[in-house]
Structures are given as C-alpha cells and as structure tokens.
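A structural walkthrough
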Amino acid sequence: MLKLPVYLDNNATTPCDPRVVETMLPYFTEIFGNASSRNHSYGWAAEAAIDLAREQVAALIGADPKEIIFTSGATEGDNLALKGVFEMYADKGNHIITTEIEHKAILDTCKHLEKLGASVTYLKVNSEGLPDLKELEAAITPKTILVAIMYANNEIGVINPIREISALAKKNGVLMMSDITQAAGKVPVDVNRDGIDLATFSAHKIYGPKGVGALYVRRKSPRVKVIAQMDGGGHERGMRSGTLNVTGIVGFGKACEISLREMEAEGKRLSILRNKLEAALLQLEESYVNGSTASRLPHVSNISFKYVEGDALMMGFNKSIALSSGSACTSASPEPSYVLKGLGLGDDLAHSSLRFGLGRFTTEEEIDYTIQTVTDTVNKLREISPLWEMFKEGADMTEYY
Ligand SMILES: Cc1ncc(COP(=O)(O)O)c(C=O)c1O
C-alpha cells in the first residue's frame, strides 16, 4: 500500500537512514562521553568514535581526515568559510566572487560582509543556470581572495563545471570554496580532483541527522586557514569551538560511509525514476524543465507548468505529495524563486514551477502515483483557469504577466 503523502522534497531534507539511527543509538546513553575528556575511558571512547567519523566524512570527498572541521550544518559552514576567509586574508584583499543563484547561506553572508567592507561580485547565470567562465575570469582582480560557487544548485539540481572554475581561481592565486551540500553523497566529489580549497556540507541531506555538518579546509598546497567565528575551547584545530556533537557526528560518518558505497547504484536507479517522471510530465502542454538537463543531479527535476500557479498546484495535492514550489511564501504575496528569475524565467514560468526531489526511499509506485496526480491536477486547474482559456484562444499573453 502506498503511504501518503509521497515525499519528494529530498533536497530540503532527507529521513535518517535506519542504519544511521542504529549506529547512533549507543552514543546517546552508553558512550556519552565528551570527546575532549582526556582522563577517562568515556572520553576516549567518544574520541575514537569522532576519529572514525572524521575518516568516513573525509573519504566521501577525497579529503584527509585532518581537513574536516565539524559544524552544525551547511549554513554554519558557509558562514565560517566566507567570514573566516574574509578576516584571515584581509591583508591580501576584500573581493569575493560568487553567483546570483547561490543558497541564501552564501548570499546573505556576502551581504553581511559587504557591510563590513567586502566587495562582492554576483555573477549572472545563463538560462541553463550556469555562470560564464569568461565573466568569472574577467571579474578576478588583485584584491580577489575567494571564489565561492556551489557544486550543484538546490532548486534546479544543475551541476557547475567546478574543475574549470577552480582552475581559473588557482591560475590567479585565488582560493576556491564550494557549497557541496546538494552534491556530496549524490555525485562523486573529490576536493583534489575538483581543485576545491574549502567545502561545506550537511548530514541531513544525505540521510543523516539534522544539526551536524562539516567544513573542509585544505591543509596543503595551499594551506588554508579561517578565523574562527565561534570562540571558546579551541576545538577543531581552533577553527570551531564547542563540545562536539558526538552522536550527530557518528551518524554523519555512517551516512557518508553508506552514501559513498551506494552512490553509484542509487544515482542510476534515481535517474531512471526521475527521467520517467519528467518524460511523463512533459507530455503536458506548456511544461518546461528549468535549468540544464545535461549537467544535473540524478534525482532532481524542476518543472514549470505554464498558466498554473505552483502554489495552487501544491494546494491541490498537498495531502498526497510533499514537495516544493518555486515560490518562497515569506509574505502575503509569494515571491517567485530568485534562482528561477536568475535563469531569466518570466513570472509566468517562475510562479508555476515545482521541484521534484527524489530520494533513497522513493519507489516506482510513488513515481507512478505522482505522475497521475500531478497530471490530473494540472489539467483540472487549467480547466478553470481564465489565463489558460485565453492562451488556448490565441490571445497575446505577455500583457498578463
Ligand atoms: C546548497 C545549500 N547550502 C546550504 C544549505 C543549508 O544547510 P543546513 O540546513 O545544513 O544549514 C542548504 C540546505 O537547504 C543547501 O541546499
């Protein structure tokens, strides 16, 4: 029996894998020591667990365990990387390059740094969701200290050419940071092959617990340093103080180990399901995939259904399918997603988008149900939509948006 609602919001968060939960359980009650307690076996056991998790987390991205700084998640990692580099490299310069469609954890941190004297270039992206590398290179100045470009976008799943981007940064002696939150554990990420100096990611996107993540900070060629944003006991090589969340970190480690082992098979399975869903929904008239389909995460599809409001669509099936629309309802009037606007979508398409994020526990039966439900709902809403009627009568629709 199909369990409703079908969960297709795996880019927002994922459920904990039961294997992760099982691994974490003893660390709540039996192995509860403080990993910094050096004088007794409770502390040693916790420290040993952290050491193993650090290896597992590092292995997922081809890093050395010493290069992993545990954080509370990707938001903290983004803040620590940007603010920490800005402070550390103030003597060299104050210029940061990023893109207009980064996660808010990057964009809002950049805005904050601008108030403190940073100069930030927000590169535009093309209709595929990709930045122009010539523009990127042209933006680099002697004052540039950091290029911060995400590995894969959380709304459209588009994967950036990170190796080419980092090569440009390196050629110009600039550090390369990437928010790898949506890519890690889903597609192979290797900080050495990809030329990344700082990378941030989060356990809850890869079937681990919420509230734990990591910042990768390169130790060799070049040796990168960030100024701590949280002062205290000097944990995590002085870059992030605070008693380690041993239970969470153990779960994060296990989640990384499973993802590394199962990524290839899972990616193949999910891309087949995603392609099935996408092909079926594109049968609907005036439906469009947003962003590049050539360079994309295997489990994501962002589709606009013109002349239907994404929010109305979601209301239509909110008891049966859980997903995200391209509008962020932060106020009475829902704003269309800045990512989709960044791709150049008009309000008509930006307002009518849905993000389908498949995951480890998505079944084919759920995808079949989703195809049927979304198709029926789009058709039903269009039947009562005056805009759709006008469009079908051949009216010039540009004046309505
Ligand atoms: C690309 C990206 N960066 C950062 C974050 C924030 O992650 P966290 O919830 O771990 O703070 C997310 C999650 O929404 C994300 O998708």
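Quantities reported herein were computed from a predicted structural model and do not represent experimental measurements.

What counts and what doesn't
Residues numbered from 1 in each chain as written. Predicted model: local features only at pLDDT ≥ 70, side-chain atom pairs only at ≥ 80, totals over all residues. Heavy atoms only, no water. Pairing = 2+ DSSP bridges. Helix = DSSP H or I, 4+ residues; strand = E, 2+ residues; numbered from the N terminus. Contact = heavy atoms within 4.5 Å. Axes fitted to C-alpha atoms, helices over the stretch in contact; angles between N-to-C directions. Salt bridge = Lys/Arg side-chain N within 4 Å of Asp/Glu carboxyl O. Buried < 20%, exposed > 50% of the residue type's maximum accessible area, 1.4 Å probe, protein only. Near = heavy atom within 4 Å. Polar contact = N/O pair within 3.5 Å; in protein donor to acceptor, adjacent residues only side chain to side chain. Areas by Shrake-Rupley, 256 points an atom, 1.4 Å probe, with all protein chains shown as cover. Nonpolar A, V, L, I, M, F, W, Y, C, P; charged D, E, K, R; others polar. Domains from an automatic or database assignment. Buried area = accessible area lost by both parts, 1.4 Å probe. 1 Å grid on protein atoms, 1.4 Å probe; cavity = no way out; pocket = protein on both sides within 12 Å on 5 of 7 lines; lining within 4 Å. Points joined across faces, edges and corners; volume = space filled by probe spheres on them. Core = buried A, V, L, I, M, F, W, Y, C linked by side-chain atoms within 4.5 Å.

1. Focus on the sheet that holds strand β10 (residues 300–305)
The 4 strands lie next to each other as β9-β10-β15-β12, forming an open sheet whose pairing is antiparallel. Strands at the two margins of the open sheet, each flanked by one partner only, are β9 (287–289) and β12 (324–325). Here β9 pairs with β10 via 3 bridges, running antiparallel. In the strand pairing of β10, S287 is matched with F305. Across the sheet, helix α8 (residues 246–281) is in contact with β9, β10 and β15 (353–357); its angle to β10 comes to roughly 10 degrees.

2. Topic: the pattern of salt bridges
Taken as a whole and judged by the stated rule, the model has 22 salt bridges. Here R296 makes a salt bridge to E278, at a shortest N to O gap of 2.8 Å. Of this pair, R296 sits in the loop between β9 and β10 while E278 is found in helix α8, placing the two residues 18 residues apart along the sequence. Each member of the pair, R296 as well as E278, is classed as buried. What emerges from the salt-bridge pattern is a single network uniting D17, R19, E262, E266 and R360.

3. Notes on the site of the ligand
Near the ligand there are 13 residues, and of these T75, D179, Q182, S202 and K205 occur at the shortest range. With respect to the ligand, the side chain of T75 contributes an N or O atom lying 2.5 Å from an oxygen atom. Between D179 and the ligand, the recorded distance is 2.6 Å, taken from a side-chain N or O atom to a nitrogen atom. Compared with its free state, where it exposes 400 Å², the ligand has 84% of that area covered by protein. Per element, the largest residue contribution to the shell around the ligand is 3 residues, and it comes from helix α4 (residues 74–88). Here the shell around the ligand is composed, by residue class, of 2 nonpolar, 8 polar and 3 charged.

4. A closer look at the environment of V308
Mapped onto the elements of the fold, V308 is located in the loop between β10 and α9 (310–316). We classify V308 as buried; its relative accessible area is 6%. Placed 40 residues apart in sequence, V308 and D348 show a C-alpha to C-alpha distance of 8.5 Å. Apart from residues lying up to four places away in sequence, V308 is in contact with L313, H351, S352, V378, L381 and R382.

5. Some thoughts on the domain arrangement of the chain
Annotation of the chain at the domain level lists domain 1 (6–12 + 262–392 + 396–400) and domain 2 (18–258). Placing a centre on the C-alpha atoms of domain 1 and another on those of domain 2 gives a separation of 29 Å. On the domain 1 side of the contact with domain 2, M263, L297 and Y338 bury the most area, a combined 26% of that side's loss. For the pair domain 1 and domain 2, the interface holds 1 salt bridge. Ionic pairing is found between R19 and E262, a salt bridge with its closest N-O pair at 2.7 Å.

6. Overview of empty space enclosed by the protein
For the coordinates displayed, the defined rule picks out 1 cavity of 30 Å³ or more. As a volume, the largest cavity reaches approximately 50 Å³. Lining of the largest cavity is provided by G185, K186, M263, E266, G267, L270, P298 and H299.

7. Side note on the nonpolar core
One finds I61, I68, F70, V147, I180, F201 and F252 to be the most contacted residues of the largest nonpolar core, which totals 56 residues. Among the elements of the structure, α1 (18–24), α3 (41–60), β2 (68–71), α6 (133–139), α7 (162–171), β7 (198–202), β8 (213–217) and α8 are those that each provide at least two residues to this core. Residue contributions to this core reach at least three from each of two domains, namely domain 1 (6–12 + 262–392 + 396–400) and domain 2 (18–258). Sequence-distant contacts of I61, defined by excluding residues within four places in its chain, comprise I68, I180, V189, D190, V191, F201 and Y216.

8. Here's the deal with the layout of surface pockets
Taking a probe equal in size to a water molecule and rolling it over the atoms shows the remaining empty space. In this structure, the second largest pocket spans a volume of roughly 240 Å³. Grouping the constituent residues of the lining of the second largest pocket by class yields 7 nonpolar, 3 polar and 4 charged.

9. What to know about the pairing of β2
Judged by which residues are buried, β2 turns out to be covered on both faces: I68 and F70 on one side and I69 and T71 on the other are all buried. Pairing between β2 and β8: 4 bridges, direction antiparallel. Directly across from I69, in β8, lies its bridge partner L215.

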